[in-house]
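Observations on the model geometry
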Amino acid sequence: MANGQWFPPEWPDRIRALAEGTLTPVVPKRAATVMLLKDGPDTPTVHMLRRRASMAFAGGAYAYPGGGVDPRDDEHHIRWAGPTRAWWAERLGGDETSAQAVVCAAVRETYEEAGVLLAGRTPETVISDTTGDEWEADRAALVARDLSFAEFLDRRGLVLRSDLLGAWTRWITPEFETRRYDTWFFVAALPEGQRTRNASTEADRTVWIRPADAAASYDKGELLMMPPTVATLRQLIPYGTAADALAAAPTRDLTPVLAKARLENGEVVLSWPGHDEFTKHIPTGGAPA
């Protein structure tokens, strides 16, 4: 392949079925993912993890910490700092309970997969150390879904710091996929005193890497990635600090990006509106080009 775009072998058949009207799309589940940034000498670096090759979805691909929304976090009223739930509801395009759950998912997944927690004892503070047996036991309970994130915050007496997150973009998994997610991408800066670690059972490697370097490695075919990952890496390149990226987030367009598939001149054409670099032409019975 010319670059590192992840492309499942079953996609051509499913795309053709969708284009011909014989495939019923799966309803996407809500999800959130976080581009965790820290400042380097001249540009921020972003925390990325490599999904284990054994994973059924995007095995071997580089991504950010992220995962599905826990419906238990919709209704439970938690201690909250930063923009109001009403502000987040308008920003994310939903109601207040759904907005809370999406923000909770972003913070929870960052903690589950990177060991970084965007919460504090007060609205002005952030936990500086999440190591130790008790913290690890709670993190494991979150991963197992034995404990909701709202319950975890209450148990620890913590305030969720929504002001440390910026909503960046929104992508919806293509209609022909078997697993579909409506995913909000956020940016956040690594809190002072905290360190990342590979806490995910789904990843075999983590790196801090400059967005430009990661995108260049994708272009060379050295790093495998999905289109949303590459697109967001390129969008981060112009920013000189993590704070600059966070400051830009409130004005970002959150119109969902959804891949389109159509039959044209004996080919299936797969495209992502606004992202021409990912367009694929798939000959009938052939491989993507």
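Scroll up to find the structure.
A brief report on the enclosed structure follows. (Residues numbered from 1 in each chain as written. Predicted model: local features only at pLDDT ≥ 70, side-chain atom pairs only at ≥ 80, totals over all residues. Heavy atoms only, no water.)

1. Regarding the overall build of the chain
Note the threshold: Think of it this way: any DSSP run of H or I at least four residues long counts as a helix, any run of E at least two long counts as a strand, and we number them from the N terminus. Note on method: radius of gyration uses C-alpha positions; expected globular size equals 2.2 Å times residues raised to 0.38. Think of it in three bands: with a 1.4 Å probe and only protein chains considered, a residue is buried below 20% of the maximum accessible area for its type, exposed above 50%, and partly exposed in between. Only heavy atoms enter the contact rule, under which two residues are in contact if any of them lie within 4.5 Å. In this description, accessible areas are obtained by the Shrake-Rupley approach with a 1.4 Å probe, and a residue is regarded as covered only by the protein chains that are shown. Under the convention used here, Asp and Glu are negative, Lys and Arg are positive, and both His and the chain ends fall outside the count. Working definition for charges: the position is that of NZ of Lys, CZ of Arg, CG of Asp or CD of Glu.
Scanning the chain from terminus to terminus reveals nine helices and 14 strands. By the compact-globule yardstick of 19 Å for 289 residues, the chain fits well, its C-alpha radius of gyration being 19 Å. Considered along the principal axes of its C-alpha atoms, the chain spans approximately 60 × 40 × 35 Å. Evaluated residue by residue, the chain yields a buried proportion of 52% over its 289 residues. Relative to all contacts within the chain whose residues are 6 or more apart in sequence, the contacts with residues 24 or more apart total 70%. Within the structure as shown, the chain displays about 12600 Å² of accessible surface, and the carbon and sulfur contribution to it stands at 50%. Across the chain, the centroid of the 32 positively charged side chains sits 2 Å from that of the 40 negatively charged ones.

2. A word on the packing of helix α4 (residues 96-114) against helix α5 (residues 133-143)
Short version of the rule: Axes here mean lines fitted to C-alpha atoms, for a helix over just the part in contact, with angles spanning 0 to 180 degrees between N-to-C directions. To sort the angles, those under 35 degrees are grouped as roughly parallel, those over 145 as roughly antiparallel, those from 65 to 115 as roughly perpendicular, and the leftovers as oblique. Left-handed describes a crossing whose near helix is turned anticlockwise from the far helix by less than a right angle; the clockwise case is right-handed. Ten residue types, Ala, Val, Leu, Ile, Met, Phe, Trp, Tyr, Cys and Pro, are classed as nonpolar, four, Asp, Glu, Lys and Arg, as charged, and the remainder, Gly among them, as polar.
Where α4 meets α5, the axes come as close as 10 Å, and the angle between the chain directions of the two elements is 120°. Regarding the angle of α4 to α5, the classification is oblique. Remark: the crossing between α4 and α5 carries left-handed chirality. Contact residues: α4 offers Arg108, Tyr111 and Glu112, while α5 offers Trp135, Arg139, Leu142 and Val143. The class makeup of the residues in the contact of α4 with α5 is four nonpolar, no polar and three charged.

3. A word on helix α1 (residues 11-19)
Three- or four-residue spacings in an α-helix give side chains the same orientation, since the helix completes a turn every 3.6 residues. Of the residues making up α1, those classed as buried are Trp11, Pro12, Ile15, Arg16, Ala17 and Leu18. The inward-facing, buried residues of α1 contact β12 (260-264), β13 (267-272) and β14 (275-283). Glycine 21 sits one or two positions beyond α1 and adopts a positive phi of about 85°.

4. What to know about the environment of alanine 99
Looking at the element boundaries, alanine 99 is found in helix α4. Its relative accessible area of 3% is what places alanine 99 among the buried residues. Sequence separation of alanine 99 and tryptophan 87 is 12 residues, and the distance between their C-alpha atoms is 9.0 Å.

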